[in-house]
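Chain by chain, the residues run as shown.
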Amino acid sequence: MRILVTGGAGFVGFNLLCYLNDGYPHYRLVGLDNLKRLGSEQNVSALLKRGIEFLHGDVRNMHELQQAGTVDVVIHCASDASVLGGITSPAELIIQNNLMGSVNVFEYAAQQHARLIYFSTNRIYSCESLNALAYAERDSRLVLAKTQKLSGVSARGISEEFPVMLSKTFYGATKYCGEVLLQEYAAYKGLRYVINRFGVISGSGQFGMESQGVIAYWLRQHFEQKPLKYIGSGLDKWAGHAEVGMLGTPRATLVYIA
Ligand SMILES: NC(=O)c1ccc[n+]([C@@H]2O[C@H](COP(=O)([O-])OP(=O)(O)OC[C@H]3O[C@@H](n4cnc5c(N)ncnc54)[C@H](O)[C@@H]3O)[C@@H](O)[C@H]2O)c1
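Sequence order sets the numbering: in each chain, residues are counted from 1 along the sequence as written. Reporting in this predicted model follows two pLDDT cut-offs: at least 70 for local features of residues, and 80 or more for side-chain atom pairs to be given and counted; totals over whole chains, interfaces and linings ignore these cut-offs and use all residues. Just so you know, side-chain values use all the structure's heavy atoms and leave hydrogens and water out.

### So, the pairing of strand S1 (residues 2-6)
The buried count for S1 comes to 5 of 5 residues, which makes it a mostly enclosed element. As defined by bridge partners, S1 adjoins strand S2 (residues 28-33) across 5 bridges and the pair is classed as parallel. What sits directly across from Arg-2, in S2, is Arg-28. Crossover connection from S1 via helix H1 (residues 11-23) to parallel S2: handedness right-handed. Note on exposure labels: buried denotes an accessible area under 20% of the residue type's maximum, exposed denotes more than 50%, and partly exposed covers the range between, all computed with a 1.4 Å probe on protein chains only. Elements are defined by DSSP. Helices are runs of H or I of four residues or more, strands are runs of E of two residues or more, and each kind is numbered from the N terminus. Here, strands pair whenever DSSP counts at least two bridges between them. With its strands directed away from the observer, a crossover is right-handed exactly when the path from the first strand over the helix to the second travels clockwise.

### Overview of the side chain of Lys-175
Mapped onto the elements of the fold, Lys-175 is located in helix H6 (residues 169-189). Positive residues here are Lys and Arg, negative ones are Asp and Glu, while His and the chain termini are left out of the count. Salt bridges are counted wherever a side-chain nitrogen of Lys or Arg sits within 4 Å of a carboxyl oxygen of Asp or Glu. For Lys-175, which is buried and forms no salt bridge, the nearest opposite charge comes from Glu-179, at a distance of 8.4 Å. Apart from residues lying up to four places away in sequence, Lys-175 is in contact with Ser-79, Asn-98, Tyr-118, Phe-119, Ser-120, Thr-121 and Ile-124. We call two residues in contact whenever any of their non-hydrogen atoms come within 4.5 Å of each other.

### Focus on helix H2 (residues 41-49)
Within H2 the residues assigned to the buried category are Asn-43, Val-44 and Leu-47. The buried residues of H2 occupy one face: seen down the axis, they fall within an arc of 115 degrees. More than 90 degrees from the buried face of H2, the exposed residues found are Gln-42 and Lys-49. Considering only its buried residues, H2 is in contact with H1 and strand S3 (53-56). Phi turns positive one or two residues past the end of H2, at Gly-51, with a value near 85 degrees. Directions drawn from the helix axis to the C-beta atoms are what define this arc.

### Observations regarding the confidence of the model for the chain
Confidence scores labelled pLDDT are given residue by residue by the predictor and lie between 0 and 100. Residues of the chain with pLDDT of at least 70 account for 88%, and the chain-wide mean is 87. Contacts from residues 233-258, a stretch scored under 50 in pLDDT, to residues over four places away or in other chains number 56 contacts.

### So, the sheet that holds S3
Read from one edge of the open sheet, 6 strands run S3-S2-S1-S4-S5-S10, paired in parallel fashion. Two strands bound the open sheet, and with one partner strand each, they are S3 and strand S10 (193-196). The average angle at which neighbouring strand axes cross in this sheet is 15 degrees, direction not considered. Axes here mean lines fitted to C-alpha atoms, for a helix over just the part in contact, with angles spanning 0 to 180 degrees between N-to-C directions. The strands touched by H1 within the sheet are S1, S2, strand S4 (73-76) and strand S5 (115-119), with S2 carrying the most contacts at an inclination of about 170 degrees. Packing against the sheet, H6 makes contact with S5 and S10, and its axis sits at approximately 160 degrees to S5.

### Here we look at the site of the ligand
The criterion for a residue being near a molecule or strand is simple. One of its heavy atoms has to lie within 4 Å of it. If you check the shell around the ligand, you find 30 residues, and the closest are Val-12, Asp-33, Arg-37, Tyr-171 and Lys-175. Phe-11 places a polar main-chain atom, nitrogen or oxygen, 2.9 Å from an oxygen atom of the ligand. Counting of polar contacts relies on pairs of N or O atoms within 3.5 Å, with two restrictions inside protein: one atom must be capable of donating a hydrogen and the other of accepting it, and residues adjacent in sequence are counted only when both atoms are side-chain atoms. In the environment of the ligand, an oxygen atom lies 3.5 Å from a nitrogen or oxygen atom belonging to the backbone of Val-200. Contributions of two or more residues to the shell around the ligand are made by H1 and H6.

### Things to note about the pattern of salt bridges
Per the counting criterion, the structure on display carries 7 salt bridges. A salt bridge links Arg-197 to Glu-179; the shortest N-O distance between them is 2.6 Å. Residue Arg-197 is located in the loop between S10 and helix H7 (214-223), and its partner Glu-179 is located in helix H6; the two are separated by 18 residues in the primary sequence. Among the residues examined, Arg-197 registers a relative accessible area of 30% and is labelled partly exposed. Residue class for Glu-179 comes out buried when judged on its relative accessible area of 4%.

### Here we look at the nonpolar core
To form a nonpolar core, buried Ala, Val, Leu, Ile, Met, Phe, Trp, Tyr and Cys residues must be joined to one another through side-chain atoms within 4.5 Å. Leu-4, Leu-65, Val-74, Phe-106, Tyr-108, Leu-116 and Leu-191 are the most contacted members of the largest nonpolar core, which totals 23 residues. For this core, the secondary structure elements donating two or more residues are S2, helix H3 (62-66), helix H4 (91-112), S5 and H6. Residues within four places of Val-74 in sequence aside, it is in contact with Leu-4, Thr-6, Val-105, Tyr-108, Ala-109, Ala-114, Arg-115, Leu-116 and Ile-117. Among the nonpolar cores identified, the runner-up in size contains 17 residues, and Ile-3, Leu-17, Leu-29 and Cys-77 belong to it.

This is how it looks when you write it as structure tokens:
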């Protein structure tokens, strides 16, 4: 089995490659990344040390993607993952990168008759819908309440029925457009795919920024003795109520979760 991980030097792609390499040594793995994310270049040497193939390439360019050759599975992690993309920069850039880049990846996977895992995001939901969620307070955490106003949400979590309309940031919109197009690739080009919508994860090999990777960003800010800042959405009702302690620093008020 040969597996291509796009965004292979990024946080998720890098960790997936290491996990697959450790647990499934018979898989042939290749990571591809344009190393645009600051810090991602530091993950490349760790990949090479493990004997994982790495290609410097950009998914917006089909020729660079095709360097990967024959593959059985494509795990698509490459994207500009910033929620500020298109807001503080020209929208065209993030649309080209995330949407047109993804179209190339879908085309490539379809041509290869490969299966595809698409890393989408919880940002495909609008802040308005997320802010309408009802919570119940427990001793140490908030949990989703049993009774909710919107469809597709229960105490068990959010399902595929949860509304995806309304503004969601350019980032969320590009990722959602990718999800929509995947259905067409499945219907007309036979592409087999899985979509994973997740969010706010953290770990090693992550180079957090204010606009993405907030836990890693906070840790770095703490060690550099800089103030904790973050942006994002959700939990409006609890603004100013919850607090987060960071390794003995003064506690920071949690207003939003990015
Ligand atoms: N980390 C999270 O909390 C989170 C949450 C929700 C969704 N996601 C999604 O998961 C995927 C991986 O996220 P991550 O946290 O690893 O982000 P990341 O920024 O650490 O990794 C993405 C990698 O893609 C590369 N890249 C960007 N554009 C590229 C292009 N055109 N061609 C080739 N490489 C390109 C970057 O250099 C980077 O190394 C993304 O699609 C993101 O939207 C992440």
